[in-house]
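Below are the chains, spelled out letter by letter.
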Amino acid sequence: THTGGFTGFTYRDLTEDITSIVDHWETLDLGFDAIYTGFLGSFEQIDIISETFDRLEGLRIVDPVMADDGVLYPVFDSNFPKGMRKLCEKADIILPNITEACLMLEEEYVEGPYTPEYIEGLMERLSGIGAKKVVLTGVYFDENKLGAVTYDAETGERSYYFSDRVPGYFHGTGDVF
């Protein structure tokens, strides 16, 4: 199960195995369309994935999973967003929520509903980190719709995707996204 809000979950730390796995992939002469990261539980994992980005070809997609609702997850210290920002510098596409975006930009978290101007400014500043494509999740301009906004810094194109808001909190919806 997801670790948020559940007890009795199973966790296996594969940090020590990641480099060996990548070494093996290289011996197989595999090609990858993309490398996608989600929850990374330590600075060591961030460093290993950063090195993996240097070793393997493919679109680099980083979901900087580390916070929600204006708060850093308790398993991370206050320096973690800086480490995640460094990984996002190497990404082609980043997928932060608004809290993660604010933490990486060292800006104060603002609670919504948001304005298009605020969201668009946030996305432009995020693209300044390095990734030229940004998908910002958790965006809402009113209490009825919730969604994501995409931004391509090379073309300036923005796209908005909203659905009816469903009341409640659903752990793992970022993983499904």
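Residues numbered from 1 in each chain as written. Predicted model: local features only at pLDDT ≥ 70, side-chain atom pairs only at ≥ 80, totals over all residues. Heavy atoms only, no water.

Engineer: Please set out the packing of aromatic side chains residue by residue, giving values where relevant.
Structural biologist: Enumeration over the complete set of coordinates arrives at nine aromatic pairs. Ring geometry for Tyr 114 against Tyr 118: centres 5.6 Å apart, planes inclined by 15°, an arrangement best described as stacked. Judged by relative accessible area, Tyr 114 falls into the buried class, the value being 6%. Taking 5.4 Å as the distance between ring centres and 70° as the angle between the ring planes, the aromatic pair formed by Tyr 114 and Tyr 140 counts as edge-to-face. Taken together, the positions of Tyr 114 in the loop between α4 (98-105) and α5 (116-127) and Tyr 140 in the loop between β6 (133-139) and β7 (145-152) put the pair 26 residues apart, joining distant regions of the chain. Judged by relative accessible area, which is 14%, Tyr 140 ranks as buried. One aromatic cluster in this structure is built from Phe 39, Phe 43, Phe 76 and Phe 80. One cation-aromatic arrangement involves Arg 165 over Tyr 140; the distance from NZ or CZ to the ring centre is 4.3 Å. (Phe/Tyr/Trp six-rings, centres within 6.5 Å; stacked < 30°, edge-to-face > 60°. Buried < 20%, exposed > 50% of the residue type's maximum accessible area, 1.4 Å probe, protein only. Helix = DSSP H or I, 4+ residues; strand = E, 2+ residues; numbered from the N terminus. Lys NZ or Arg CZ within 6 Å of the ring centre and 35° of its normal.)

Engineer: Please provide a residue-by-residue account of unusual backbone geometry, values included.
Structural biologist: Looking along the chain, the bond that leaves Gly 112 and enters Pro 113 is cis, with omega of 5°. Within the secondary structure layout, Pro 113 lies in the loop between α4 and α5. With phi around 50°, Asp 69 is a residue other than glycine that occupies positive phi space. Residue position: Asp 69 is located in the loop between β3 (67-68) and β4 (71-72). Of the residues examined, Asp 69 reaches a relative accessible area of 57% and is grouped as exposed.

Engineer: How would you sum up the side chain of Asn 97? Please name residues and give values.
Structural biologist: Mapped onto the elements of the fold, Asn 97 is located in the loop between β5 (93-94) and α4. Here Asn 97 falls in the buried class, since its relative accessible area comes to 12%. Within polar-contact distance, the side chain of Asn 97 engages the side chain of Asp 68 at 2.9 Å. For Asn 97, the contacting residues outside a window of four places in its chain are Ala 67, Asp 68, Leu 136 and Thr 137. (Polar contact = N/O pair within 3.5 Å; in protein donor to acceptor, adjacent residues only side chain to side chain. Contact = heavy atoms within 4.5 Å.)

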